[in-house]
Amino acid sequence: MPLEPLVKSLLFKGLVSGAIRMKSGLMSDIRSVGLALAVISSLVQPAHAGTHTTELSIIDSQKSHSTNSTQLLGQRNDSSITKVTAVRVNSTAKGIEVILESPNAETLKPVNSNQGNSFIADIPNAVLELPESKDFSIANPASGVVSVTVTQADANTVRVTVTGEAGLPTAELFDSEEGLVFELAPVASATERYRSRQNNRRVKQSDRSHQNNRRVKHHQSNQLRRVMNLLNW
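Summarised in this report is the structure supplied together with it. (Residues numbered from 1 in each chain as written. Predicted model: local features only at pLDDT ≥ 70, side-chain atom pairs only at ≥ 80, totals over all residues. Heavy atoms only, no water.)

1. A word on the overall build of the protein
The number of helices and strands found in the protein is two helices and eleven strands. From first element to last, N terminus to C terminus, the protein shows the α and β order α-β-β-β-β-β-β-β-β-β-β-β-α. Put simply, the protein has 233 residues, and 21% of those count as buried. Counting only contacts in the protein whose residues sit at least 6 apart along the sequence, the fraction spanning at least 24 positions is 53%. Total accessible area on the protein stands at roughly 17,100 Å², and carbon and sulfur atoms take up 56% of it. (Helix = DSSP H or I, 4+ residues; strand = E, 2+ residues; numbered from the N terminus. Buried < 20%, exposed > 50% of the residue type's maximum accessible area, 1.4 Å probe, protein only. Contact = heavy atoms within 4.5 Å. Areas by Shrake-Rupley, 256 points an atom, 1.4 Å probe, with all protein chains shown as cover.)

Okay, here's the thing in structure tokens:
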């Protein structure tokens, strides 16, 4: 056989054999890399799942804590609110008294803010729970008093308003077994002051008339005694 074809044949076979060995090695490397990736993935996924579970647990715990705090705050707010269960207005020698009935009357702390002829008292941390109506109102409960109202000024404030006819009523505040009591004395109107002066004048005139009658009777009695003495003499 000639030498040149033999050499070419040997070179071709060598190249083919090398290519086959290279392909086999490459496939082996690919399988090794795939196996390594599979192992790494199996290790990473549980750790990630554990982290996700921990985050969910923390979020649920925070939500639970927030809910419990909100409920506790609501319970505290409910416990700090005082209920006014009834309102009564009675006549007194000075004027009227407004009674706010409550099982915890000592916790009612009014704050005055008068306006014009109106006595206004705002009571914080209180709500109206009247049996028959939402608010309380009465007109002309006594001479010199135009109206008395007890309303819910806002969600947690009860307002008492007493309006005088001739001026701002004077008020005194005290607690009783029945509840919180406002005792109010109205300012007399011009008509009432005139009537009062007229009555005083009539009383004075009557007193003077009685005194004059007594003087006349005393003088007559003295004259009679003198006449009797002269007759006896």
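2. A look at the pairing of strand β9 (residues 157-164)
Of all eight residues in β9, seven are buried, a share of seventy percent or more. Two strands pair when backbone bridges link them, and strand β5 (residues 118-124) and β9 are joined in this way by seven bridges, in the antiparallel orientation. For Ile123, the partnering residue across the bridge sits in β9 and is Val158. Inspection of the sheet shows strand β8 (residues 145-154) paired to β9 by eight bridges, in the antiparallel sense. (Pairing = 2+ DSSP bridges.)

3. Observations regarding the environment of Ser118
Position of Ser118 relative to the elements: it lies in strand β5. Along the primary structure Ser118 and Val148 are separated by 30 residues, whereas in three dimensions their C-alpha atoms are 9.5 Å apart. For Ser118, the contacting residues outside a window of four places in its chain are Thr161, Val162, Thr163 and Leu168.

4. Thoughts on unusual backbone geometry
Despite not being glycine, Asn125 shows a phi value in the positive range, around 55°. The backbone phi angle of Asn140 is positive, close to 50°, even though this residue is not glycine. Structurally, Asn140 can be placed in strand β7 (residues 136-142).

5. Some points on the nonpolar core
Counting residues in hydrophobic clusters, the biggest one holds 23 residues, and the most contacted among them are Val98, Leu100, Ile123, Val162 and Phe182. Counting only elements with at least two residues in this core, the list comes to β3 (96-101), β5, β6 (126-128), β7, β8, β9 and β11 (179-185). Sequence-distant contacts of Leu100, defined by excluding residues within four places in its chain, comprise Val84, Ala86, Val87, Ile123, Val150, Val160, Glu178, Gly179, Leu180 and Phe182. (Core = buried A, V, L, I, M, F, W, Y, C linked by side-chain atoms within 4.5 Å.)

6. A word on the side chain of Glu97
With respect to the helices and strands, the residue Glu97 is situated in strand β3. When sequence neighbours within four positions are dropped, the list of residues in contact with Glu97 reads Arg88, Val89, Asn90, Thr92, Val181, Phe182 and Glu183.

7. What about the packing of aromatic side chains?
One pass over the full model with this rule turns up one aromatic pair. Between Phe119 and Phe182 the ring centres are 6.0 Å apart and the planes differ by 65°, which places this aromatic pair in the edge-to-face class. With Phe119 in strand β5 and Phe182 in strand β11, this pair connects stretches of sequence that are 63 residues apart. (Phe/Tyr/Trp six-rings, centres within 6.5 Å; stacked < 30°, edge-to-face > 60°.)

8. Points about the pattern of salt bridges
Under the definition given, this model contains four salt bridges. One salt bridge in this structure joins Glu178 and Arg88, with 2.9 Å as the shortest N-O distance. Of the two residues, Glu178 sits in the loop between β10 (170-175) and β11 while Arg88 sits in strand β2 (residues 86-91), which places them 90 residues apart along the sequence. With relative accessibility at 42%, the residue Glu178 sits in the partly exposed group. On the accessibility criterion, Arg88 (26% relative accessible area) is partly exposed. The salt bridge involving Asp122 is made with Arg159; its shortest N-O contact spans 2.6 Å. Of this pair, Asp122 sits in strand β5 while Arg159 sits in strand β9, placing them 37 residues apart in sequence. Linked through salt bridges whose partners overlap, the residues forming this network are Arg88, Glu101 and Glu178. (Salt bridge = Lys/Arg side-chain N within 4 Å of Asp/Glu carboxyl O.)

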